[in-house]
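# What the coordinates show
Spelled out, the chains give:
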Amino acid sequence: MLSPFAPPVDPYHVTLFYDCENRPVLSRPRPVQIGTEEVEGVQTYKYLGLWLDNRLDWTRNTRQLYKKTQSRMYFLRRLRSFNICRKLLWMFYQSVVASVLSYAVVCWGGSATKADLSRLEKLIRRASSVVGMKLKPLGEWQRGELLTSCGASWTMSTTLCTLSSTAREA
């Protein structure tokens, strides 16, 4: 009889069991099946623009995000070279660069490594110098996105209640 004794050993995704005589026995995880079809396991997968991996490590996602933001920063620097006013640079930054950085930050922002977050913060500081004004750091976006997503249903419900009450009065 085998009993699970230790958590999975990470590098090989195996479970350590002990037999009746206390000898360790390694076991591979059973394949995942949907119906009768076996689903192949993958290391990383891109889903809705987010890179997910089998360990829920966000390094791949933040690296891809960094590369995408770098390419968009090029256009921001080009616009500055044409002496575009700060307000238009800020609008371009918000719509083209910040939208990429803030996408799903609630999902990956809390679990990303400090090194990855500091690389992204450095990009924001660089963008700040290009735009010519102080920009919100990534941590504020994370908190703001979370509060916005939590408060969105409340705001919508109060708006609908207000609209329905004014419709009854008319």
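Residues numbered from 1 in each chain as written. Predicted model: local features only at pLDDT ≥ 70, side-chain atom pairs only at ≥ 80, totals over all residues. Heavy atoms only, no water.

Before going further, it helps to examine a positive patch on the surface. Taken together, the side chains of Arg63, Arg77, Arg80, Arg119, Lys122, Arg125 and Arg126 present a region of like positive charge at the surface. Counting residues per element, the ones that place at least two in the positive patch are α1 (59-81) and α4 (114-131). The greatest single-element share of the positive patch, amounting to 4 residues, is contributed by α4. (Patch = residues over 30% accessible without salt bridge, like charges linked within 9 Å, V, L, I, M, F, W, Y side chains within 5 Å. Areas by Shrake-Rupley, 256 points an atom, 1.4 Å probe, with all protein chains shown as cover. Salt bridge = Lys/Arg side-chain N within 4 Å of Asp/Glu carboxyl O. Lys, Arg positive; Asp, Glu negative; His and termini not counted. Charge placed at Lys NZ, Arg CZ, Asp CG, Glu CD. Helix = DSSP H or I, 4+ residues; strand = E, 2+ residues; numbered from the N terminus.)

Another aspect to go through is α4. Each α-helix winds once per 3.6 residues, and so residues spaced three or four apart point in a common direction. Relative to the 26 Å expected for 18 residues at 1.5 Å per residue, α4 spans 25 Å between its end C-alpha atoms, a close match to the ideal helical length. Backbone geometry just downstream of α4 places Gly132 in the positive-phi region, at approximately 90°. (Expected span 1.5 Å × (residues − 1).)

Put simply, α1 and α4 touch, their axes get as near as 10 Å, and they point 10° apart. By the criterion of interaxial angle, the relationship of α1 to α4 is roughly parallel. Within the contact between the two elements, α1 uses Thr59, Thr62, Arg63, Leu65, Tyr66, Thr69, Gln70, Met73, Leu76, Arg77 and Arg80 and α4 uses Asp116, Arg119, Leu120, Leu123, Arg126, Ala127, Ser129, Val130 and Val131. Looking at the contact of α1 with α4 residue by residue, the class counts come to 9 nonpolar, 5 polar and 6 charged. (Axes fitted to C-alpha atoms, helices over the stretch in contact; angles between N-to-C directions. Parallel < 35°, antiparallel > 145°, perpendicular 65-115°, else oblique. Contact = heavy atoms within 4.5 Å. Nonpolar A, V, L, I, M, F, W, Y, C, P; charged D, E, K, R; others polar.)

Now for the pairing of strand β6 (residues 44-47). Sheet topology places β6 next to strand β7 (residues 50-53); 4 bridges connect them, and they run antiparallel. Pairing of Tyr47 across the sheet is with Leu50, part of β7. Hairpin connection of β6 to β7: 2 residues between the antiparallel strands, including Leu48 at a positive phi of 55°. (Pairing = 2+ DSSP bridges.)

Residue placement: Asn61 occurs in helix α1. Residue classification places Asn61 among the buried residues on the basis of a relative accessible area of 4%. When near neighbours in sequence (up to four residues on either side) are disregarded, Asn61 contacts Gly49, Leu50, Trp51 and Trp108. (Buried < 20%, exposed > 50% of the residue type's maximum accessible area, 1.4 Å probe, protein only.)

Cross-referencing UniProt, the feature "transmembrane region" (unreviewed entry) maps to residues 88-111 in the present numbering. The annotated region residues 88-111 carries 79% helix and 0% strand content, and the separation between its end C-alpha atoms amounts to 33 Å. (UniProt positions renumbered as here; feature names shortened; annotations may be inferred.)

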